[in-house]
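Breakdown of the fold
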Amino acid sequence: RLKLSGPELLCQLKRKVEVLSLTSDLHPFSMLPWAPQLPAQQLTSELGPLKSCAVVSSAGSLRHSGLGKEIDSHDAVMRFNAAPTSGFEKDVGSKTTMRLINSQVMASEEYRFLSSSLYSSGVLVAWDPAPFSSDLTQWLNRTDYPIFAQYQRYRRLHPQQPFFILHPRFEWQVWQQVQENMAESIQKNPPSSGFLGTVLMMSLCEVVHVYEFLPSKRKTELCHYYQHFYDAACTLGAYHPLLYEKNLVKRMNQGADRDIYTHGRVTLPGFNAINC
Ligand code: NCC
């Protein structure tokens, strides 16, 4: 199969992936009594366009990076799941514009989704590993975790905070792009939050800097910068096709290789900034 160049990959991603979120008028959600809790508008029409954006992976290699100031200098900063800033400002910054969370974080007791202040700043965006090519009704009745029950509870507690749910079509469109550009078959599990968030930001921002998704010289088996837990699978992937996602990001990077080594920094253009 033909191996696409970086610019070709970027154009393909732009052409074939659309960031879609659930809206209150979308069938079958529109039939449900809690439909009015869903946003009336698409995430992309509410949040963009933005100039410079930072995507902060949760990797252990952010420790001792000193990247906090650089990360905060962006117009918008995206973080993931239960990743905190408090106590780690020097390395990861303190600004949180968007937080992308998986449905496990919303549903498992240990993450205190309904009670922790961690989730209450910025815009929340949630996703659930929906079955491949299932329709929305099937998904609604059989989500991986109880994302919708938790969504309703959270919305009642924080009615003013913007909170979007990604359409499963988006996650599988991204997966398809990873698969189409790899020589081998990849596991049929959705991409990691990190890669979904990167593509999401590429559709909102003029330029996206992704931190420690491609590991720097600080590469470590420490899973997260905020926990004392060691597992190389966090960086290389097990459930998610993480290694393949990273391969794709490496090929699309427009920054210098040196920036990856020193800062764990990748530079990607926003979809509106490329001419295809
Ligand atoms: O670990 P997680 O992701 O929250 O990390 C966010 C994103 O950062 C990138 N990452 C993280 C660690 C690391 N060493 N290298 C990295 O590149 C990845 O892109 C990752 O997506 C997820 O994708 O949602 C994930 O969530 C966790 C977990 O559910 C949450 O952290 C809540 O604790 C998953 N872990 C487990 O299910 C045990 C993880 O597989 C993926």
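As a starting point, this report considers the structure included with it. (Residues numbered from 1 in each chain as written. Predicted model: local features only at pLDDT ≥ 70, side-chain atom pairs only at ≥ 80, totals over all residues. Heavy atoms only, no water.)

What to know about the pattern of salt bridges
This structure, assessed with the given rule, holds 5 salt bridges. Here glutamate 180 makes a salt bridge to lysine 16, at a shortest N to O gap of 3.6 Å. Separated by 164 residues along the polypeptide, glutamate 180 in helix H8 (residues 168-180) and lysine 16 in helix H1 (residues 6-16) bring together distant segments of the chain. A salt bridge links arginine 265 to glutamate 70; the shortest N-O distance between them is 2.7 Å. (Salt bridge = Lys/Arg side-chain N within 4 Å of Asp/Glu carboxyl O. Helix = DSSP H or I, 4+ residues; strand = E, 2+ residues; numbered from the N terminus.)

A short note on the sheet that holds strand E1 (residues 50-56)
An order of E5-E4-E3-E2-E1-E6-E7 is seen for the 7 strands of this open sheet, with the pairing classed as mixed. The open sheet is flanked by strand E5 (163-165) and strand E7 (265-269), the only strands paired with a single partner. This sheet shows a mean twist of 20 degrees between the axes of neighbouring strands, independent of strand direction. Examined bridge by bridge, E1 and strand E2 (residues 76-80) share 3 bridges and lie parallel to one another. Paired with valine 55 across the strands is methionine 78, a residue of E2. Taken strand by strand, helix H7 (residues 147-157) contacts strand E4 (123-127) and E5, and its axis lies near 170 degrees from that of E5. (Pairing = 2+ DSSP bridges. Axes fitted to C-alpha atoms, helices over the stretch in contact; angles between N-to-C directions. Contact = heavy atoms within 4.5 Å.)

Things to note about the environment of alanine 107
Along the chain, alanine 107 turns up in helix H5 (residues 103-107). Residues alanine 107 and lysine 90, spaced 17 residues apart in sequence, show a C-alpha to C-alpha distance of 30 Å. When near neighbours in sequence (up to four residues on either side) are disregarded, alanine 107 contacts Tyr145, Pro146 and Gln150.

Details of the side chain of serine 57
Checked against the element boundaries, serine 57 lands in the loop between E1 and helix H3 (68-72). In this structure the side chain of serine 57 is engaged in a polar contact, spanning 3.1 Å, whose partner is the backbone nitrogen of alanine 59. Within the local environment of serine 57, its side chain forms a polar contact with the backbone oxygen of glutamate 212, the two atoms lying 2.8 Å apart. Contact partners of serine 57, with chain neighbours within four places excluded, come to Leu62, Phe80, Tyr211, Glu212, Phe213 and Tyr225. (Polar contact = N/O pair within 3.5 Å; in protein donor to acceptor, adjacent residues only side chain to side chain.)

Some points on the site of the ligand
In the region of the ligand, 20 residues are neighbours, and Asn102, Gln104, Tyr111, Ser193 and His224 sit closest. Within the side chain of asparagine 81, an N or O atom sits 2.7 Å from an oxygen atom of the ligand. Serine 193 has a polar side-chain atom sitting 2.5 Å from an oxygen atom of the ligand. Its free accessible area being 730 Å², the ligand has 80% of it covered by the protein chains. (Near = heavy atom within 4 Å. Areas by Shrake-Rupley, 256 points an atom, 1.4 Å probe, with all protein chains shown as cover.)

A short note on helix H11 (residues 242-252)
Of the positions making up H11, those classed as buried are Leu242, Glu245, Lys246, Leu248, Val249, Arg251 and Met252. Structurally, H11 contributes buried residues whose contacts are with H1, H8, helix H9 (193-202), helix H10 (233-236) and E7. (Buried < 20%, exposed > 50% of the residue type's maximum accessible area, 1.4 Å probe, protein only.)

Comments concerning the packing of aromatic side chains
Evaluation of the coordinates by the stated rule reveals 16 aromatic pairs. Seen in terms of ring centroids, tryptophan 139 and phenylalanine 148 are 5.0 Å apart; in terms of plane orientation they differ by 70 degrees. Their pairing is edge-to-face. With respect to class, tryptophan 139 is no different from phenylalanine 148; both count as buried. Three or more aromatic residues link up through ring pairs in this structure, and these residues are Phe29, Trp34, Phe113, Tyr119, Trp139, Phe148, Tyr151, Tyr154 and Phe163. Positioned above the aromatic ring of phenylalanine 213 is the side chain of lysine 246, whose terminal nitrogen or guanidinium carbon lies 4.9 Å from the ring centre. (Phe/Tyr/Trp six-rings, centres within 6.5 Å; stacked < 30°, edge-to-face > 60°. Lys NZ or Arg CZ within 6 Å of the ring centre and 35° of its normal.)

Considering H9
The element H9 is largely enclosed, with a buried count of 10 among its 10 residues. Looking at H9, one finds that the buried residues are Ser193, Gly194, Phe195, Leu196, Gly197, Thr198, Val199, Leu200, Met201 and Met202.

Considering the environment of arginine 258
Positionally, arginine 258 belongs in helix H12 (residues 257-263). What makes arginine 258 exposed here is its relative accessible area of 55%. With 140 residues separating them in the primary sequence, arginine 258 and leucine 118 have C-alpha atoms 33 Å apart.

Re the pairing of E4
Here E4 lies mainly inside the structure; 5 of its 5 residues are buried. Of the two faces of E4, the one carrying Val123, Val125 and Trp127 and the one carrying Leu124 and Ala126 are both buried. Two strands pair when backbone bridges link them, and strand E3 (residues 98-102) and E4 are joined in this way by 5 bridges, in the parallel orientation. Bridging from a neighbouring strand, isoleucine 101 pairs with alanine 126 of E4. For E4 and E5, the ladder comprises 3 bridges, and the chain directions are parallel. By the bridge assignment for E5, alanine 126 is matched with isoleucine 165.

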